[in-house]
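Given next are the chains, with one letter for each unit.
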Amino acid sequence: MKPVLNAPEEICQQIWKELVRATHDRHHAWRTPVLATAGGDGMVNARTVVLRKAREEGGGVLEIYTDRRSPKVAEVVRQPSACLVFWSPRLKWQLRARVDLSVQTDGPYVESLWQMVKQTRAVGDYLGFLPPGEPMPEPRSFDATTTLNAEDAVLSVNNEQANYFAVLTAQVKEIDWLELGPDQHRRAKIAGNQWQWVKP
Ligand SMILES: Cc1cc2nc3c(=O)[nH]c(=O)nc-3n(C[C@H](O)[C@H](O)[C@H](O)COP(=O)(O)O)c2cc1C
């Protein structure tokens with residue numbers, strides 16, 4: 001059910017409630033936002049990612065997992081300013097979160113997450129000999145030395161094969177919230193505790 005909210009504080013609270021929910025609920029539309037970054041070639045780059053964590057405290061922090069060899073990681077190191085775009089048809093809410101991204105590849109926190117991830121079928125996303133985006137043979141003719149299926153991946157990881165797991169941490173700078181309503185649309189810019197209604 002879509003809540004009817006009017007006060008900025010209520011809307012803010014609901015935004016973060018929905019973001020947190022999206023990290024647990026596979027069917028929540030906000031689970032798979034689009035992450036836009038500045039590409040190395042001066043062009044914009046964008047791709048779908050999975051929202052793994054959302055925390056309102058500390059100004060708003062979002063987390064994404066990735067392969068540290070993926071092109072987006074190099075892009076983020078070069079230019080940490082990025083944008084995450086969420087759309088929920090149920091809520092009829094779009095969020096555009098302007099964020100500063102940082103990349104973590106080691107340390108106790110990354111290691112603790114890896115210990116969890118390596119028990120799941122997603123483990124194969126962070127293994128493999130080829131970095132994401134590298135040319136490879138046709139997937140049907142996969143060579144076992146080139147890539148891994150989910151079962152092989154679990155076996156490999158138990159044998160402590162090198163992994164390329166990385167965490168992208170997004171510190172939220174500003175949220176642009178847009179609600180599509182039947183009669184009127186509403187939009188606001190939220191930066192920290194500041195709320196500004198703007199023309200949709
Ligand atoms: C539904 C969906 C979820 C995805 N989730 C992630 C993710 O959480 N992390 C990730 O690195 N790539 C994810 N991908 C793959 C990316 O969209 C992208 O293809 C890949 O990361 C390579 O991007 P890059 O070349 O810009 O680094 C996902 C793709 C889809 C379709």
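Residues numbered from 1 in each chain as written. Predicted model: local features only at pLDDT ≥ 70, side-chain atom pairs only at ≥ 80, totals over all residues. Heavy atoms only, no water.

K.L.:
Looking at this structure, I do not really get unusual backbone geometry. What am I missing?
P.N.:
Negative phi characterises most residues that are not glycine, and trans characterises most peptide bonds. At K92, a residue that is not glycine, the phi angle is positive and equals roughly 60 degrees. Turning to its location among the elements, K92 is positioned in the loop between β5 (81-88) and β6 (93-104). (Helix = DSSP H or I, 4+ residues; strand = E, 2+ residues; numbered from the N terminus.)

K.L.:
Help me understand the layout of surface pockets in this model?
P.N.:
One water molecule sets the probe size; rolling that probe over the atoms shows where empty space is left. Roughly 550 Å³ of internal volume is contained in the largest pocket. As for the largest pocket, its lining consists of 22 residues, of which V50, R52, Y65, A122 and Y126 are closest to the centre. For the lining of the largest pocket, the secondary-structure elements that each account for two or more residues are β2 (44-48), β4 (61-67) and α3 (108-117). With 4 residues, β4 is the single largest residue contributor to the lining of the largest pocket. For the lining of the largest pocket, the per-class residue count stands at 10 nonpolar, 5 polar and 7 charged. Lining the second largest pocket are 17 residues, with C12, W16, E56, I190 and G192 sitting closest to its centre. Those elements that place two or more of their residues in the lining of the second largest pocket are α1 (8-24), β7 (165-179), β8 (186-191) and β9 (194-197). Considering only residue class, the lining of the second largest pocket consists of 9 nonpolar, 5 polar and 3 charged. (1 Å grid on protein atoms, 1.4 Å probe; cavity = no way out; pocket = protein on both sides within 12 Å on 5 of 7 lines; lining within 4 Å. Points joined across faces, edges and corners; volume = space filled by probe spheres on them. Nonpolar A, V, L, I, M, F, W, Y, C, P; charged D, E, K, R; others polar.)

K.L.:
Got a minute to help me understand the packing of aromatic side chains in this structure?
P.N.:
How two aromatic rings sit relative to each other is given by the distance of their centres and the angle of their planes. The final tally for this structure, using the stated rule, is 10 aromatic pairs. A centroid spacing of 5.5 Å and a plane angle of 85 degrees characterise the contact between W93 and W177, whose relative ring orientation is edge-to-face. Here W93, found in strand β6, pairs with W177, found in strand β7; they are 84 residues apart in sequence, far enough to count as distant. Each member of the pair, W93 together with W177, is buried. The lysine or arginine in question, R69, covers the ring of Y164, its NZ or CZ lying 3.5 Å from the ring centre. (Phe/Tyr/Trp six-rings, centres within 6.5 Å; stacked < 30°, edge-to-face > 60°. Buried < 20%, exposed > 50% of the residue type's maximum accessible area, 1.4 Å probe, protein only. Lys NZ or Arg CZ within 6 Å of the ring centre and 35° of its normal.)

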